[in-house]
Amino acid sequence: MTGPQRVNIGEQHPAAYKTLIALSSEVGKAAAAAGLDPLLVELLRIRTSQINGCAFCLRMHTRDALKKGENPDRIAVLPAWEETGYFSDTDRAALRLTEAITRVPDGHVSDEDFDAAAAVLTEDQVSAIAWLATVMNAFNRVAITSRYAVGS
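Residues numbered from 1 in each chain as written. Predicted model: local features only at pLDDT ≥ 70, side-chain atom pairs only at ≥ 80, totals over all residues. Heavy atoms only, no water.

On to the layout of surface pockets, then. When its volume is computed, the second largest pocket comes out at roughly 250 Å³. When contributions to the lining of the second largest pocket are tallied by element, the ones reaching two or more residues are α2 (14-33), α4 (55-67) and α8 (123-146). The element that contributes the greatest number of residues to the lining of the second largest pocket is α8, accounting for six residues. Its residues assigned to classes, the lining of the second largest pocket shows 13 nonpolar, two polar and one charged. (1 Å grid on protein atoms, 1.4 Å probe; cavity = no way out; pocket = protein on both sides within 12 Å on 5 of 7 lines; lining within 4 Å. Points joined across faces, edges and corners; volume = space filled by probe spheres on them. Helix = DSSP H or I, 4+ residues; strand = E, 2+ residues; numbered from the N terminus. Nonpolar A, V, L, I, M, F, W, Y, C, P; charged D, E, K, R; others polar.)

Spelled out as structure tokens, the structure:
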């Protein structure tokens, strides 16, 4: 992207950014305690970043997912997850809920989307996924607003 230099809001207000990082760490612990697969957690972060168009977070979490052993095919088809056989019922419920939370401006989190998640996931998992999406959306907005550099 070209244009005027942006203020890096994380650097401008480091205490706020450190608090977001601490929240992300706490949410990661909650996701693990709820029994969510670490690979699924990375896929949810990637999917949120795809929807928001955050190149910085996409690169970071794709690399993280691959380092953790995620199948590159699952990452490649993530935007079309509903059309593939790569994802379990748990994955599908988590992805559907994450998408609904990320797309709140398009109609909020419908009862249908929430009920579909709740039919497959535990309350702890639903809550952890909601927090994962919330935190990832925040990080996407920090990176996009600050125009974190990606590539040359």
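Okay, back to it.
Look at helix α6 (residues 89-102) against helix α7 (residues 111-118): their axes get within 8 Å of each other, and the N-to-C directions meet at 150 degrees. Accordingly, the angle class assigned to the pair α6 and α7 is roughly antiparallel. For the pair α6 and α7, the crossing hand works out as left-handed. Listed contacts from α7 to Ala93, Arg96, Leu97 and Ala100 of α6 are Glu112, Asp113, Phe114, Ala116 and Ala117. Its residues assigned to classes, the contact of α6 with α7 shows six nonpolar, no polar and three charged. (Axes fitted to C-alpha atoms, helices over the stretch in contact; angles between N-to-C directions. Parallel < 35°, antiparallel > 145°, perpendicular 65-115°, else oblique. Left-handed = near helix turned anticlockwise from the far one by under 90°. Contact = heavy atoms within 4.5 Å.)

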